[in-house]
Amino acid sequence: MWSVGGCEALTDTMPMSDESPVTEISVPTGSEPILPEAAPAVKRTKRGVPEGLWIRCDGCKATVYKKEVEKQLNVCPECQHHFYVSGQKRIEQLLDPDSFEEWFTDLRSVDPLGFVDRKPYAERLKDEQKRTGLREACIAGRGYLRGRPLVFALTDSAFIMGSMGSVVGEMLTRSIERATELNLPIVIVSGSGGGARMHEGILSLMQMGKVSAALARLHEAGGLFISVLTNPTMGGVAASFASLGDLILAEPNALVGFAGPRVVAATVKQELPPDFQTSEFMQKHGFVDRVVHRADLRSEISRVIDYCVR
Ligand SMILES: [Zn+2]
């Protein structure tokens, strides 16, 4: 067993759940993600409608048929609101079927501070793993997108808000280094309600610099990094790798920024524009290159790869 800046490699692996436990819920920022309890599959109301067939859209407040939403890649058929997508689902949506080969599955966070808030950090990690079916807030590996080989990584905002603990930072750094070695483009889809993982203190903060330095080396080697921002991309994730893409794409109406709007408003003591910190606002101000509908992400990314990679 060995240790790399706050995380260590274990020999045992935890099987990943194929089912996405949290497809229908969007994750609010500034608070813990609200996630559904495992609902009994056959519980029915008096009128004979099975529970969980309909969901309420956060965008238009309409009650929409869940199957229809899922068919449209978790986008509301009424208003095009983009719902949260779990890491596993995201891989299915973006990459070619069965092409993803997962890397770094043996990395686990250590608990250098012996941190306890409402519960000990070690216990929190175990609970989050059970609840989300993820090992950590990051999934990384290689795969194919419309036949183009690439390195692919994502952060999932459902796992401790997608915060960049040492395992997340280490996985992203290694992915970028492998992309550099293998001369492959790298795509990172970020979802994070907060960047730093306070449970790991300074080790978490150091990940920002580590990942950014790896991206600088990729850049020097002439590599291509496409950053895809999803709702929400905030904090140290937004302030490091997510903003360093050669090309930065964002899903519509995603919350993108560093501190949340309330904190910013209280700090600058000014009224903020209504679309403040949305993907569209960020595009208008030069932080995002293109806002891309989820249904167009595959074609858009493959087009960029074709244009940039020779
Ligand atoms: Zn809607």
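The residue numbering used here restarts from 1 in each chain and proceeds along that chain's sequence as written. Only residues with pLDDT of at least 70 get local features here, since the model is predicted, and only at 80 or more are side-chain atom pairs given and counted; chain-wide, interface and lining totals rely on the full set of residues.

Trainee: In this structure, what is going on with the pairing of strand S9 (residues 186-192)? I would like to understand it.
Mentor: Moving residue by residue along a regular strand, the side chains alternate between the two faces of the sheet. Counting buried positions along S9 gives 7 out of 7 residues, so the element sits mostly inside the fold. Going residue by residue along S9, you find Ile 186, Ile 188, Ser 190 and Ser 192 tucked away on one face and Val 187, Val 189 and Gly 191 tucked away on the opposite face as well. For strand S8 (residues 148-155) and S9, the ladder comprises 4 bridges, and the chain directions are parallel. Pairing of Phe 152 across the sheet is with Val 187, part of S9. Crossovers are marked right-handed if the path from the first strand over the helix to the second runs clockwise, as seen with the strands pointing away from the viewer. Numbering goes from the N terminus for both helices and strands, where a helix is a DSSP run of H or I of at least four residues and a strand is a run of E of at least two. Remark: the S8/helix H4 (residues 166-182)/S9 crossover connection has right-handed handedness. Two elements, S9 and strand S10 (residues 225-233), share 6 bridges in a ladder whose sense is parallel. Bridging across to S10, Val 189 finds its partner in Val 228. Regarding the hand of the β-α-β motif, the stretch spanning S9, helix H5 (residues 202-220) and S10 is right-handed. Exposure is read from a count of other C-beta atoms within 10 Å of each residue's own; the residue is exposed at 12 or fewer, buried at 20 or more and partly exposed in between. C-beta atoms are placed from the backbone. In this scheme, strands are said to pair when DSSP sees at least two bridges between them.

Trainee: Mind showing me how you'd approach helix H3 (residues 121-132) here?
Mentor: Because each turn of an α-helix spans 3.6 residues, side chains separated by three or four positions in sequence point in the same direction. Helix span, expected: 1.5 Å multiplied by one less than the number of residues in the helix. Its 12 residues give H3 an end-to-end C-alpha distance of 16 Å, which sits within 8% of 16 Å, the value for a rise of 1.5 Å per residue. By the convention adopted here, residues are in contact when the distance between their C-beta atoms, placed from the backbone, does not exceed 7 Å. Buried positions along H3 lie against strand S6 (107-109).

Trainee: Help me out: how do you make sense of the sheet that holds strand S7 (residues 138-145) in this one?
Mentor: Hydrogen bonds between backbone atoms are what pair the strands of a sheet, whose relative direction is either parallel or antiparallel. Here 7 strands make up an open sheet; going across it, the order is S5-S7-S8-S9-S10-S11-S12 and the pairing mixed. Looking along the sheet, the strands with just one partner apiece sit at the ends: strand S5 (101-102) and strand S12 (290-291). The pairing of S10 with strand S11 (residues 247-250) spans 4 bridges and is parallel. Along S11, the bridge assignment pairs Ser 227 with Ile 248. In the packing of helix H2 (residues 87-94) onto the sheet, the strands contacted are S7, S8 and S9, and the crossing angle to S7 comes to about 10°. Where helices are involved, their axes are fitted lines through C-alpha atoms of the stretch in contact, as for all axes, and angles between N-to-C directions lie from 0 to 180°.

Trainee: Any chance you could explain the packing of H4 against H5 here in plain terms?
Mentor: When two helices pack together, you describe them by how their axes are tilted relative to each other and by the distance separating the axes. Two elements in contact, H4 and H5, have axes separated by 9 Å at closest approach and are oriented at 5°. Judged by the inter-axis angle, H4 sits roughly parallel to H5. When H4 is examined against H5, the residues Ser 166, Val 168, Gly 169, Leu 172, Thr 173, Ile 176, Glu 177, Ala 179 and Thr 180 are found in contact with a partner set consisting of Leu 203, Ser 204, Gln 207, Lys 210, Val 211, Ala 214, Leu 215, Arg 217 and Leu 218. Three classes are used, and their members are as follows: Ala, Val, Leu, Ile, Met, Phe, Trp, Tyr, Cys and Pro are nonpolar, Asp, Glu, Lys and Arg are charged, and the others, Gly among them, are polar. Of the residues assigned to the contact of H4 with H5, the class counts are 9 nonpolar, 6 polar and 3 charged. Roughly parallel refers to an angle under 35 degrees, roughly antiparallel to one over 145, roughly perpendicular to one between 65 and 115, and oblique to any angle outside these ranges.

Trainee: It is not clear to me how H5 should be interpreted in this structure. Could you clarify?
Mentor: Over its 19 residues, H5 extends 28 Å from the first C-alpha to the last, a length consistent with the 27 Å expected when each residue adds 1.5 Å. If you check which residues of H5 are buried, you get Leu 203, Ser 204, Gln 207, Val 211, Ala 214, Leu 215 and Leu 218. Where H5 is buried, its residues meet H4 and S10. Looking at the residues trailing H5, positive phi occurs at Gly 222, about 85°.

Honestly, it's all geometry; don't read function into it.
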